[in-house]
Amino acid sequence: MAEKETYEFQAEINQLMSLIINTFYSNKEIFLREIISNASDALDKIRYQSLTDKNILEIEPKLEIKIQADKNTKTLSIIDTGVGMTKTELINNLGTIAKSGTKSFMEALQAGADVSMIGQFGVGFYSAYLVADKVIVETKNFNDTHYVWESSAGGSFTIDKTSDPTLTRGTKLILYLKEDQLEYLEERRLKDLVKKHSEFIQYPINLWVEKEIEKEIEISNEEEGEQTKSDNNEDKKEGEADEKKKTKKVKEITHEWQFLNKNKPIWTRKPEEVSREEYSSFYKSLTNDWEDHLAVKHFSIEGQLEFKALLFVPKRAPFDLFEPKKKMNNIKLYVKRVFIMDNCDEIIPEYLNFIKGVVDSEDLPLNISRETLQQNKVLKVIRKNIVKKCLEMFGEISENKDDFKTFYEQYSKNIKLGIHEDTQNRSKLAELLRYRSSRSQDETTTLKEYVSRMKENQTMIYYITGESQKTVENSPFLEKLKQKGHEVLFMIEPIDEYCVQQLKEYEGKKLVCASKEGLSLSENEEEEKIKEEEKEKFEELCKIMKEILGDKVEKVVVSERLSDSPCILVTGEYGWSANMERIMKAQALRDSSMSTYMSSRKTMEINPRNPIIFELKNRIEMDKNDKTVKDLVNLLSDTALLTSGFSLDEPHLFAQRIHRMIKLGLSIDDEEIEETQEKFENIPSLDNQPDDEMEAVD
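Thresholds applied
Residues numbered from 1 in each chain as written. Predicted model: local features only at pLDDT ≥ 70, side-chain atom pairs only at ≥ 80, totals over all residues. Heavy atoms only, no water. Helix = DSSP H or I, 4+ residues; strand = E, 2+ residues; numbered from the N terminus. Buried < 20%, exposed > 50% of the residue type's maximum accessible area, 1.4 Å probe, protein only. Contact = heavy atoms within 4.5 Å. Areas by Shrake-Rupley, 256 points an atom, 1.4 Å probe, with all protein chains shown as cover. 1 Å grid on protein atoms, 1.4 Å probe; cavity = no way out; pocket = protein on both sides within 12 Å on 5 of 7 lines; lining within 4 Å. Points joined across faces, edges and corners; volume = space filled by probe spheres on them. Nonpolar A, V, L, I, M, F, W, Y, C, P; charged D, E, K, R; others polar. Phe/Tyr/Trp six-rings, centres within 6.5 Å; stacked < 30°, edge-to-face > 60°. Lys NZ or Arg CZ within 6 Å of the ring centre and 35° of its normal.

Asks: How would you summarise the overall build of the protein if you had to cite specific residues and measurements?
Replies: When its secondary structure is counted, the protein shows 25 helices and 22 strands. Within the protein, the fraction of its 698 residues that count as buried is 49%. Partitioning the intrachain contacts of the protein with sequence separation of at least 6 by distance along the chain shows that 73% fall at a separation of at least 24. A total accessible area of about 36,800 Å² is found for the protein, and carbon and sulfur atoms account for 46% of it.

Asks: Describe the environment of Lys178, and please don't skip the residues or the numbers.
Replies: Here Lys178 lies in the loop between β7 (170–177) and α5 (187–197). Sequence separation between Lys178 and Thr75 is 103 residues, and the spatial gap between their C-alpha atoms is 9.4 Å. Once residues lying within four places of it in the same chain are set aside, the contact partners of Lys178 are Ile21, Tyr129, Leu130, Val131, Ala132 and Asp133.

Asks: Break down the side chain of Asn425 for me, with residues and values.
Replies: Take Asn425: it is sitting in the loop between α11 (401–421) and α12 (426–430). By relative accessible area, which is 13% here, Asn425 ends up buried. Setting aside its immediate chain neighbours within four residues, Asn425 contacts Tyr351, Val387 and Leu391.

Asks: Let's hear about the layout of surface pockets: which residues, and what values?
Replies: Taken as a whole, the second largest pocket spans an internal volume of roughly 680 Å³. The wall of the second largest pocket is formed by 26 residues, among which Lys405, Tyr408, Arg434, Arg436 and Thr444 lie closest to the centre. In terms of residues, the lining of the second largest pocket owes the most to one element, α11, which gives eleven residues. Within the lining of the second largest pocket, the residues separate by chemical class into seven nonpolar, six polar and 13 charged.

Asks: Explain the packing of aromatic side chains to me, using residue names and the numbers behind them.
Replies: Here the structure, examined in full by the defined rule, presents 19 aromatic pairs. For the pair Phe299 and Phe307, a centre-to-centre distance of 6.1 Å together with 80° between the ring planes defines the contact as edge-to-face. In this pair, the class of Phe299 matches that of Phe307, namely buried. In this structure an aromatic cluster arises from ring pairing among Tyr7, Phe9, Phe125, Tyr126, Trp149 and Phe157. Lying over the aromatic face of Phe538, Lys617 brings its terminal NZ or CZ to 5.5 Å of the ring centre.

Okay, structure coming up:
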């Protein structure tokens, strides 16, 4: 026999094991659920392999899980006839290569999460150390020899070959239980755990149980004498009874395998026959979640295509919902109750990747390969029906205000992603959208409710995008809209920008961004006439401001949307908004060439009723070459950039202008200003101006 090989645990796994061993958790029972779940996965793999290679099952045709407790050695063994592990897989899976969820799980634990979350992070095997101080893993893969992995979690593990294999194929975990965890050797405890956590595992789970039976044995001569005395007072039976040898009944202890998970898959039953508790139990065994589901949809489709499905919405979104390498769906695909796969991208769209459940089809061929499965037309029909039923389920959730609040907090991004991607169901998904607005700042409102509150002459749905609610609530873009009594929706999530690019209208009402060009608020001829007069009055000022600002803006026009602020910067109707520009700049792997044609040229809009703008107009009429005007226009442009949601290209110039204004306000003499002037040659001079004019600037 070869010598044992010793390996060190990978650092993160070592930390995880230390955390599990050295911290007290009351919920230690989950170890069995995790190990059975892993065993079931191993059986799934061997069954899938057997679809293409039937020889794999010849050595051990039974696919089952066995649990055996030994009170003498204080060990608990969990045996499966699954795929087993090769030596390389044994080293990688159980020690040297950390799973992606190891670090995330440790962070979650330290933040106060429950240990029962372990399965969601892909490190369920290590939960064995909650109850055991030593674990031995015997394993035999179809393509490799028999290996034994052993560790007492001291920072290392050993791997050895064995000359006395007890397995034909599969894996056997032997847990040497801690002294305070011997309850897990009791039959009743193990039965309860399997029923609680693994009742719907599709493979037989058998428990080695102790049974007491009554057996008849012959009575010896000595016993017969005693028996005769005791029977003296009883009536004697006639005839042949006396001739027979006398026997007695004794109790004998035997052992046998007892089948535990007798319930058939829950999705094959009729929905009306299944209780909420049964759905909850199935959901937890399916997902390893420790909370109940939020909603369930149980249905069957019959006709040309036949399949049954059971879909769940979890109460909470997983921490890695939008991770790029995350498994795209959580739907397990079965064919005639035989597990096929759980990573079929075609069965559900990406935006519904939070839905958990099972689909059992009667029409897919059993020996189908993953490649042909992708192209199968039946799958497209299944997908269409699943999406339809999911939308029905979301509609049912929306009938309960509290449930929908929970749902929307967790999955609003998925709904908005669906609007961006799913053209067929865009209008149905739009019904689920919820936004705060200028009239409903504390409670969210639907688009339908918005439309019902619209003014008689209002033909558009107004919205504004921004970084936070506080930012958009006080945005200068809303001044005139609020004054006229129009409601404005607040869209403050980055994904809202992508969502409204596709959701052009709702119930025939166009969605219009309050921060883009093309916003017309004139409601009658009189307002149009006033607008034209103001445009004519301020034409000269607009022209000079454009000359001063140069390429910073495309044009300067009189604004319809301002009532208080002096000016703002708006973007083109079909380009990026200021908020979208900010989002795109934050993309780490963005294509910078895209911003050259998507970043709109900005238009400055001035407020003809603002005293600053009015005074600027007067100054230009008095002296077109007034030097203070240039500095003030640049300062107004910079402040408009900030209030409109853009970032400054040259913040130091803005700071210098502000500092100079502060000096004027503090009446710091001109000599000090002249000294600093040399350093900032590119900033227009404020020198040689009369004191009264400086005070006016201030």
